[in-house]
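Residue strings, one per chain:
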Amino acid sequence: MSERPRNDDPDSTPGPIDEFDEIVESETDRDPDLAVIEAGSRTLRTQAGPPTGDPIPARPTDPEVDRALREVETELASRWGETKLDPSLVRIEALLDILGSPQRAYPSIHITGTNGKTSTARMIEALLAAFDLRTGRYTSPHVQSVTERISLDGAPISAERFIETYRDIQPYIEMVDTQQQYRLSFFEVLTAMAFAAFADAPVDVAVVEVGMGGTWDATNAIDAGVAVVTPIALDHTDRLGATPEEIAVEKSGIIKKDATVVLAQQPVDAASVLLKKAVEVDATVAREGLEFGVLAREVAVGGQLLTLRGLGGEYPEVFLPLHGAHQAHNAAVALAAVEAFFGIGSQHARTLDIDTVRRAFASVTSPGRLEVVRHSPTVVLDAAHNPAGAQATAAAISEAFGFSRLIGVVGASGDKDVRGFLEAFEPIFAEIVVTQNSTHRAMDADALAALAVEVFGAERVQVEPRLDDALEAAITLAEEEGEFTGAGVLVTGSVITVGEARLLLGRG
């Protein structure tokens, strides 16, 4: 958008300023500073156009674009993967410094925690967009396409833009590679790409999800004014710590001086660590269950109806098209984060516009999170991969679907607490088909079967090493109950397993 003409310029001509002033003047019941911010963003979004694209992009249809994307994917895959880490910000900061610190071109909301980060990020993004702010969202891991990780205006960036962003910064990546003891990792390069894409767009606000931990995660190069911590549980214990308290120490690294910290409900020892860090850096704290939370929820067709308590007041009759109490709590956290971003609870004592909030939550999607991808029988995908996530999913399935008989398809990663994961699902799975996905991290199907037999008993366990065979077997078992008996299939255990199942079942 061209620069606004100055009000005292005699040669200024009608144009964007007229639209800008008109919008500001119409916001008579809003805080004037927020009205100006939102009006400016609205005129920018008019140029950018409405969000486009599917939640999960398919492969490019143009053969040349697909070839170029595969080349970039291959080059990225040649770097350290996300599970091989050197806890340091030296490399990412060196790259961002050469790029001109793109992460400082916009304010950010930073999200860490163990479970619920991506769903919460999507809700925050939807709320900000509903208030006419242009958003960038960076999340991980991806379900099907690496381009999902970087979103603008609520949609993954195009393959063409992903390729262009990588090629633009590639010379600088190689420059940093030669200067450091280790080359930049896969995740570090993607993080720099996201920050550069957001600055180039440009966005009004970035919603950034931590990859792992917090203190030394590559995303911690940002200096976010709002830090969000979703529930902490045991995961990545070999890298983050063996207790919630130890894990919280790493997660607390995203809490910066004078920031606002939005805390989901936490184990007591984890909460103590997070609150201590907030005091040390003079951050303001908003705690679920005290300053904000879920006041009421009831199951509704296609989701749930919520009454949320925000930092500024109550938000009744909010429809969320996602299942489970955990998603209701994610919604409360997301709402508080957006209120904090707008200064509500500190500078402003009011609620956000309720109709806008309702519209935003009603638009939320979260692929691979209790996502129905087939009917007759119903097949549900969920990316739960640790015991805490499995417990939340099991409770949500029981509440929202009421299957008469549920068949599980499980393909897990070998570095997880797989026994704890299986035990969480034992009460709701009538039978389980164990399998494995195509990555090197996948737990061998026979090893997984041995654990499953210990938890479920041999008569309830079937082994199908190929995921396509596992899906067919589970659907056949569900169909044995008859068309109208309410049997279903849940595919879970890993984001990778869910992504590959999604493709096999015709999504994306």
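Residues numbered from 1 in each chain as written. Predicted model: local features only at pLDDT ≥ 70, side-chain atom pairs only at ≥ 80, totals over all residues. Heavy atoms only, no water.

Chemist: How should I be thinking about the overall build of the protein chain in this particular structure?
Modeler: Check the secondary structure of the protein chain and you find 17 helices and 17 strands. Looking at the 508 residues of the protein chain, the share that counts as buried comes to 56%. Considering only contacts in the protein chain between residues 6 or more positions apart, those separated by 24 or more positions represent 72%. Carbon and sulfur atoms make up 49% of the accessible area of the protein chain, which totals about 20900 Å². (Helix = DSSP H or I, 4+ residues; strand = E, 2+ residues; numbered from the N terminus. Buried < 20%, exposed > 50% of the residue type's maximum accessible area, 1.4 Å probe, protein only. Contact = heavy atoms within 4.5 Å. Areas by Shrake-Rupley, 256 points an atom, 1.4 Å probe, with all protein chains shown as cover.)

Chemist: How should I be thinking about the pairing of strand β9 (residues 293-300) in this particular structure?
Modeler: Where β9 meets strand β10 (residues 303-309), 7 bridges bridge the pair, whose relative direction is antiparallel. Residue pairing for β10: Gly 293 is matched across the bridge by Arg 309. Here β9 hands over to β10 after 2 residues, with Gly 302 in that stretch at a positive phi of 80 degrees. (Pairing = 2+ DSSP bridges.)

Chemist: I keep staring at the pattern of salt bridges and nothing clicks. Help me out?
Modeler: Oppositely charged side chains may form a pair once their charged atoms are brought near each other. Tallied over the full model, the rule gives 23 salt bridges. The closest approach of N and O atoms between Arg 79 and Asp 177, which form a salt bridge, is 2.7 Å. Here Arg 79 is found in the loop between α3 (63-77) and α4 (90-98), whereas its partner Asp 177 is found in helix α6 (residues 159-179), with 98 residues between them in sequence. There is no split in this pair, since Arg 79 and Asp 177 are both buried. Overlapping salt bridges, with partners in common, bring together Glu 64, Arg 67, Glu 71, Glu 75 and Arg 167 in one network. (Salt bridge = Lys/Arg side-chain N within 4 Å of Asp/Glu carboxyl O.)

Chemist: Sorry if this is basic, but what is going on with the environment of Ser 413 here?
Modeler: With respect to the helices, strands and loops of the structure, Ser 413 is situated in the loop between β14 (405-410) and α14 (418-425). Expressed as a C-alpha distance, the spacing of Ser 413 and Thr 439, which sit 26 residues apart in the sequence, is 8.9 Å.

Chemist: Is there a simple way to explain the sheet that holds strand β11 (residues 314-320) in this structure?
Modeler: Within a beta sheet, neighbouring strands are joined by backbone hydrogen bonds and run either parallel or antiparallel to one another. Strand order in the open sheet formed by 3 strands is β9-β10-β11, with antiparallel pairing between adjacent strands. Edge positions in the sheet fall to β9 and β11, since each has one partner strand and no second. Mean inter-strand twist for the sheet, computed between neighbouring axes without regard to direction, equals 15 degrees. Here helix α11 (residues 325-341) sits on the sheet and contacts β9, β10 and β11; the angle it forms with β10, its principal contact strand, is near 40 degrees. (Axes fitted to C-alpha atoms, helices over the stretch in contact; angles between N-to-C directions.)

Chemist: How should I be thinking about helix α12 (residues 354-362) in this particular structure?
Modeler: Residues lying three or four places apart along an α-helix face the same way, a consequence of the helix completing one turn every 3.6 residues. Residues of α12 that are buried: Thr 356, Val 357, Ala 360 and Phe 361. Angularly, the buried residues of α12 cover 130 degrees about the axis, an arc narrow enough to put them on a single face. The inward-facing, buried residues of α12 contact α5 (117-130), β10, β11 and α11. (Arc of directions from axis to C-beta.)

Chemist: Please clarify how the packing of aromatic side chains should be interpreted in this entry.
Modeler: What describes a pair of aromatic rings is the distance from one ring centre to the other and the angle between the planes of the rings. Applying the stated criterion across every chain, the model contains 9 aromatic pairs. When the centroid spacing of 5.0 Å and the interplanar angle of 35 degrees are considered together, the rings of Trp 80 and Tyr 182 count as tilted. Taken together, the residues span a long stretch of sequence, with Trp 80 in the loop between α3 and α4 and Tyr 182 in the loop between α6 and α7 (186-200) at a distance of 102 residues. Assessed through its relative accessible area of 22%, Trp 80 is described here as partly exposed. Each member of the aromatic cluster is reached from another via a ring pair, and the members are Phe 421, Phe 425, Phe 429 and Phe 456. (Phe/Tyr/Trp six-rings, centres within 6.5 Å; stacked < 30°, edge-to-face > 60°.)

Chemist: Help me understand the pairing of β14 in this model?
Modeler: Walk down a regular strand and you will see the side chains alternate between the two sheet faces. Most of β14 sits inside the fold, with 6 of its 6 residues counted as buried. With burial as the criterion, each face of β14 is covered, one bearing Arg 405, Ile 407 and Val 409 and the other bearing Leu 406, Gly 408 and Val 410. Note: β14 against strand β17 (residues 487-492), 6 bridges, orientation parallel. Among the inter-strand pairings, Ile 407 is bridged to a residue of β17, identified as Val 489. Handedness of the β14-α14-strand β15 (residues 431-434) crossover: right-handed. (Right-handed = clockwise from strand over helix to strand, strands pointing away.)

Chemist: Is there a simple way to explain the sheet that holds β17 in this structure?
Modeler: Taken in spatial order, the 6 strands of this open sheet run β12-β13-β17-β14-β15-β16, and their pairing is mixed. Strands at the two margins of the open sheet, each flanked by one partner only, are β12 (369-374) and β16 (461-463). Each strand of the sheet is rotated relative to its neighbour by a mean of 25 degrees, with strand direction disregarded. Contacts between helix α15 (residues 445-456) and the sheet are confined to β14, β15 and β16, with β16 contributing the most and set at about 175 degrees to the helix.

Chemist: I keep staring at the packing of α3 against α6 and nothing clicks. Help me out?
Modeler: Working note: a packed helix pair is described by the angle between its axes plus the distance between those axes. As a packed pair, α3 and α6 sit with axes 10 Å apart at the nearest point and diverge in direction by 50 degrees. It follows from the interaxial angle that α3 and α6 lie oblique. Here α3 runs over α6; the crossing is left-handed. Across from Val 65, Ala 68, Leu 69, Glu 71, Val 72, Glu 75 and Leu 76 in α3, the residues of α6 making contact are Ala 159, Glu 160, Phe 162, Ile 163, Tyr 166, Arg 167 and Gln 170. (Parallel < 35°, antiparallel > 145°, perpendicular 65-115°, else oblique. Left-handed = near helix turned anticlockwise from the far one by under 90°.)

Chemist: Please clarify how the packing of α5 against α12 should be interpreted in this entry.
Modeler: Put simply, α5 and α12 touch, their axes get as near as 8 Å, and they point 135 degrees apart. With respect to α12, the axis of α5 lies oblique. Along this stretch, α5 crosses α12, giving a crossing that reads as right-handed. Between α5 and α12, the contacting residues are Met 123, Ala 126, Leu 127 and Ala 130 on the first element and Thr 356, Val 357, Arg 359, Ala 360 and Phe 361 on the second.

Chemist: What's the story with α3 in this structure? I'm lost.
Modeler: Here α3 spans 21 Å end to end across 15 residues, near enough to the 21 Å set by a 1.5 Å rise per residue. Three or more residues of α3 are buried, namely Val 65, Asp 66, Ala 68, Leu 69, Val 72 and Leu 76. Down the axis of α3, the buried side of the element spans an arc of 165 degrees, and every buried residue falls inside it. Opposite the packed face of α3, turned more than 90 degrees from it, sit the exposed residues Pro 63, Thr 74 and Ala 77. Looking at the packing, one finds that the buried side of α3 touches α6 and α7. The residue sitting at the N-terminus of α3 and contributing the capping side-chain oxygen is Asp 62; that oxygen lies 2.8 Å from the backbone nitrogen of Glu 64. (Expected span 1.5 Å × (residues − 1). Polar contact = N/O pair within 3.5 Å; in protein donor to acceptor, adjacent residues only side chain to side chain.)

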